[in-house]
Amino acid sequence: MKNQSVKNNIDWISVFIYIALVVLGWLNIYSSSLLSTDGTYQKQLIFIGCTIPLIFVVLFVDGKFYEKYASIIFGVSLLSLAGLFIFGKTIAGQRCWYAIGSFTLQPSEFAKAATSLALAKYLSDTQINLKETNRQLQALAIVFLPVMLILPQPDPGSALIYSVFILVLFREGLPSWYVWTGFITILLFVLTLVLEPYVVILISLGVLMIIHFKGRAVDRNLLLSAILLALISGFVFSVDYVFDNVFKQHHRDRFNILLGKTVDMKGIGYNTNQSEIAIGSGGWIGKGFLEGTQTKGGFVPEQHTDYIFTTVGEEWGFVGSLVVILLFTGLFLRVIYLAERQKTKFSRVYGYCVAGILFIHFFVNIAMVVGIFPTIGVPLPFFSYGGSGLWGFTILLFIFLKMDANKVNEW
């Protein structure tokens, strides 16, 4: 009876948006790979076909299964990531896939749903209070365990996605200084790449002085301000070392191009430059389906994967791009709305994780394509080519829709 209620209680608005995004995604993959000989759009159609039984399996499983076995699912996911170092296949310098004949599977795409389940399971415990330091460390460990296995592959794009879990933890009670520390760290890092270190330190000193003297007299702490300035100075002077010795050359090149320190339209900056040309050439209403000259000319590398949005911009123009953006925005807002009305904390937290993961993928991908974020290999959900990505996002979303449909049975 419970599984029969899924059909009546599932959120069909989310389902229809999902279908629309998948269909539009395939049309753009078809357009961007029509002249290729590797059967890209045919393969994607097979991947889409496989999502149908996958969705039925996800919806058929009892909603409580995901909560009861969240830890086991997370453990299996970690093992699948660790196994890549022994059994993984290296493609383009990244050891991110398992090869099964001619088919490859990327476990990091499924680890996002597993991590979301594990985090929701942990936070739903009534004894968990994120105001306590040990609880904060335990929650952060759940997030960073997969990150530590993904970064060495190396796959910085997938690792970056996990930063969104900090916002979920903040929503559930994590002290705000974690968020501010992350934001200030990123800001200082970028400023140090643009300005001289001593200039950044002087700016930091001025900000700290303003904060110190604007605060109430009883709250002023000169020693604390001095310690903060010392920590900021140490970090600022370490940026150049990290940038030159930890980042790989292609990462440094992408940051230098993004910050305007290097102009390289034929080398590392070629992808972004061609992407901007393609999107800009679309105008208001685009050149028409299958009529994109940049797309047909193959000027944008990897256009059917990370740069799929360039096809939207060129062939559908501003209007078509806006429609796609509105569909994604509608899905984010719908998932957040559904999360807010959940009867259990487990379902609510998982819903926030789903919305966060989909949003950061969307935001980083679009920002990357239009040249305001370095190219790091983050696919556009439901649009970019690839079975692992499509199946991973589908599982992520439909587990939540199953939970939402099952809430009528919750007390």
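First, a word on what this report is: a plain description of the structure on this page. (Residues numbered from 1 in each chain as written. Predicted model: local features only at pLDDT ≥ 70, side-chain atom pairs only at ≥ 80, totals over all residues. Heavy atoms only, no water.)

What follows concerns the overall build of the chain. Summing up its helical and strand segments, the chain has 19 helices and three strands in all. Relative to its length of 411 residues, the chain is compact, with a C-alpha radius of gyration of 23 Å against a globular reference of 22 Å. Taken over the C-alpha atoms alone, the chain extends approximately 65 × 60 × 45 Å along its principal axes. Burial status across the chain gives 48% buried among its 411 residues. Relative to all contacts within the chain whose residues are 6 or more apart in sequence, the contacts with residues 24 or more apart total 72%. Of the roughly 20200 Å² that the chain leaves accessible, carbon and sulfur atoms contribute 70%. (Helix = DSSP H or I, 4+ residues; strand = E, 2+ residues; numbered from the N terminus. Rg over C-alpha atoms; globule rule 2.2 N^0.38 Å. Buried < 20%, exposed > 50% of the residue type's maximum accessible area, 1.4 Å probe, protein only. Contact = heavy atoms within 4.5 Å. Areas by Shrake-Rupley, 256 points an atom, 1.4 Å probe, with all protein chains shown as cover.)

Two numbers describe how helix H7 (residues 108–123) lies on helix H19 (residues 387–405): the axes approach to 7 Å, and their chain directions differ by 25°. For the element pair H7 / H19, the angle class is roughly parallel. Contacts between H7 and H19 involve Glu109, Phe110, Lys112, Ala113, Ser116 and Leu117 from the first element and Ser388, Gly389, Trp391, Gly392, Phe393, Ile395, Leu396, Ile399 and Met403 from the second. Of the residues contributing to the contact of H7 with H19, the split by class is nine nonpolar, four polar and two charged. (Axes fitted to C-alpha atoms, helices over the stretch in contact; angles between N-to-C directions. Parallel < 35°, antiparallel > 145°, perpendicular 65-115°, else oblique. Nonpolar A, V, L, I, M, F, W, Y, C, P; charged D, E, K, R; others polar.)

What follows covers the environment of leucine 151. Tracing the backbone shows leucine 151 in the loop between helix H8 (133–150) and helix H9 (156–161). Between the C-alpha atoms of leucine 151 and serine 80, which are 71 residues apart in sequence, the distance is 14 Å. Those residues in contact with leucine 151 that lie beyond four places of it in its chain are Pro156 and Ala159.

Grouped together as the largest cluster of nonpolar side chains are 94 residues, with contacts concentrated most on Tyr350, Phe382 and Phe398. For this core, the element with the highest residue contribution is helix H18 (residues 345–369), accounting for 15 residues. (Core = buried A, V, L, I, M, F, W, Y, C linked by side-chain atoms within 4.5 Å.)

Here we come to the sheet that holds strand S2 (residues 94–100). Taken in spatial order, the three strands line up as S1-S2-S3 in an open sheet, and their pairing is antiparallel. The open sheet has two free edges, formed respectively by strand S1 (89–91) and strand S3 (103–105), since each of these has just one partner strand. Across the sheet, the mean angle separating the axes of adjacent strands is 55° when strand polarity is ignored. Alignment of S2 against S3, held across three bridges, turns out to be antiparallel. (Pairing = 2+ DSSP bridges.)

The backbone of phenylalanine 382 sits at a positive phi, close to 70°, despite the residue not being glycine. Position of phenylalanine 382 relative to the elements: it lies in the loop between H18 and H19. Under the relative-accessibility criterion, phenylalanine 382 is labelled buried at 3%.

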